[in-house]
Amino acid sequence: MTAQQAAAFAAAALANVARAYPRHVSHLVTRRGERLEQKALHPAFYGSYDWHSAVHMHWLLVRIQRLYPKKRIAERLARHLTPKALRAELAYFNSAAGRTFERPYGWAWLLELQAELIRLGNTKWSDALQPLAAELARRMARFVAGAPYPIRAGSHGNTAFACLLALDYARVAKHQMLADEIAAAALRWYGNDREAPLAYEPSLDDFLSPALVEAALMQEVLPAREFRRWLAAFLPSGFDLEPPRVADRADPKQAHLDGLALSRAWCLRKLGLTAAVDRHLDAALPHVVGGDYAGEHWLASFAALALSEQP
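Below you will find a few notes about this structure.

About the thresholds
- Residues numbered from 1 in each chain as written.
- Predicted model: local features only at pLDDT ≥ 70, side-chain atom pairs only at ≥ 80, totals over all residues.
- Heavy atoms only, no water.
- Axes fitted to C-alpha atoms, helices over the stretch in contact; angles between N-to-C directions.
- Helix = DSSP H or I, 4+ residues; strand = E, 2+ residues; numbered from the N terminus.
- Parallel < 35°, antiparallel > 145°, perpendicular 65-115°, else oblique.
- Left-handed = near helix turned anticlockwise from the far one by under 90°.
- Contact = heavy atoms within 4.5 Å.
- Phe/Tyr/Trp six-rings, centres within 6.5 Å; stacked < 30°, edge-to-face > 60°.
- Buried < 20%, exposed > 50% of the residue type's maximum accessible area, 1.4 Å probe, protein only.
- Lys NZ or Arg CZ within 6 Å of the ring centre and 35° of its normal.

Right, let's talk about the packing of helix H10 (residues 210-221) against helix H11 (residues 224-234) for a bit. Relative to each other, H10 and H11 sit at 165°, their axes nearing to 10 Å. In terms of axis orientation, H10 runs roughly antiparallel to H11. H10 and H11 meet at a crossing whose hand is right-handed. Note on element contacts: H11 touches H10 through Phe227, Trp230, Leu231 and Phe234, opposite Ala211, Glu214, Ala215, Met218 and Gln219.

Okay, structure coming up:
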C-alpha cells in the first residue's frame, strides 16, 4: 500500500466512520417502543452504513496509522475508541438483541481490529476495546467448537474468513484456546475437501471466494508438507479464474464483486498463487474510492488487506 493509496483510503474511512446515514439496521426488537437510534446503541461504530463496516473501517484507520501515521486519524480514533463508547458496545452484545448479533463476520472484524491495535502499540485504545474483544473471542471459540458444519457462502456468514481474522487475533493476543478451537474446527470442517467446485464461483453477491478463503485458512492450521498435499487435492488445477465482472456498482450486491476481486488477490498472494493477483487488483482498485456509496463504505478495507501486511 503506497502512501498515496493510504491517503485516499484514509479519507474515505474518516468520512465513513462519522457518517450516520444511510444506515442499514440489523437489530432484534424484543419489546414495543424500542429506540433504534444507532448512535445511542453503537456510539463507537455507528457510521459506515452498518456495524461490521464501521468496525473494519476503524481497522483500516488503525492499519494506516501504523504504516503512515497522521494526526487527523489519531484524533478520529480517539473520539470513537473511548472506554465509555466501548462499554456501551459491550452492553449491546450482552443485551437480548446481542446474543448472535454480527456472528461471525462482525465478531471476526472486531477481533482483527484489536489485533491491529495491539500491533500499533496504543494501549489506551486496545485496553478500552479489550473487554469487548475478550467477550467476542469467547463467543467465537464456543461457536466454532459447537458448529457441526462450516458456512461456505461467499459473503458475511463464511466461517473460513471469520476464522482467518480471529486466528490472527488469537496469535497476536496470545489467546491459545481460541487458536486451538479454530484449528480443530478447520480440520473437522475442511480436512477431507477435494476438488473445489470453482465453476460455481462467483455468485452475484460474493465478496469472498469460498475456495480461496478455505485454502488460506488451511494453510494457517496445517504443517507445510501436509498443506501442500491438501491443496493439491483441493485445487488440482490451481486457481486461475478471471476477475468478476460488475454490471452495476450502485447495486449493493453487485458492488460486492469488487470486494471479491480484492479478497481473491489477498488470498492468492497468501497462497503463493501469484499469476492472477495483479489482474484481480487491476479490476477492483479503480473502484475502491470515489464511486457509489454502495462500495465506498467498505471496499477500502479489503483493498488494504490485499495491499499491506497479511493478517
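The next point concerns the packing of aromatic side chains. In the structure shown here, the tally under the stated rule is 20 aromatic pairs. Ring geometry for Tyr105 and Phe161: centres 6.0 Å apart, planes at 25°, overall stacked. Here the residue Tyr105 occupies a position in helix H6 (residues 105-120), and Phe161 occupies one in helix H8 (residues 159-172), the gap between them amounting to 56 residues. The pair Tyr105 / Phe161 is uniform in exposure class, with both members buried. Taking the centre distance of 5.7 Å and the plane angle of 85° together, the rings of Phe207 and Phe302 count as edge-to-face. Taken as a pair, Phe207 in the loop between helix H9 (176-190) and H10 and Phe302 in helix H15 (residues 299-307) lie far apart in primary sequence, 95 residues in all. Above the ring of Tyr293, the side-chain terminus of Arg19 is found at 3.9 Å from the ring centroid. A cation over a ring is seen here: Lys39 above Tyr46, with NZ or CZ 4.7 Å from the ring centre.

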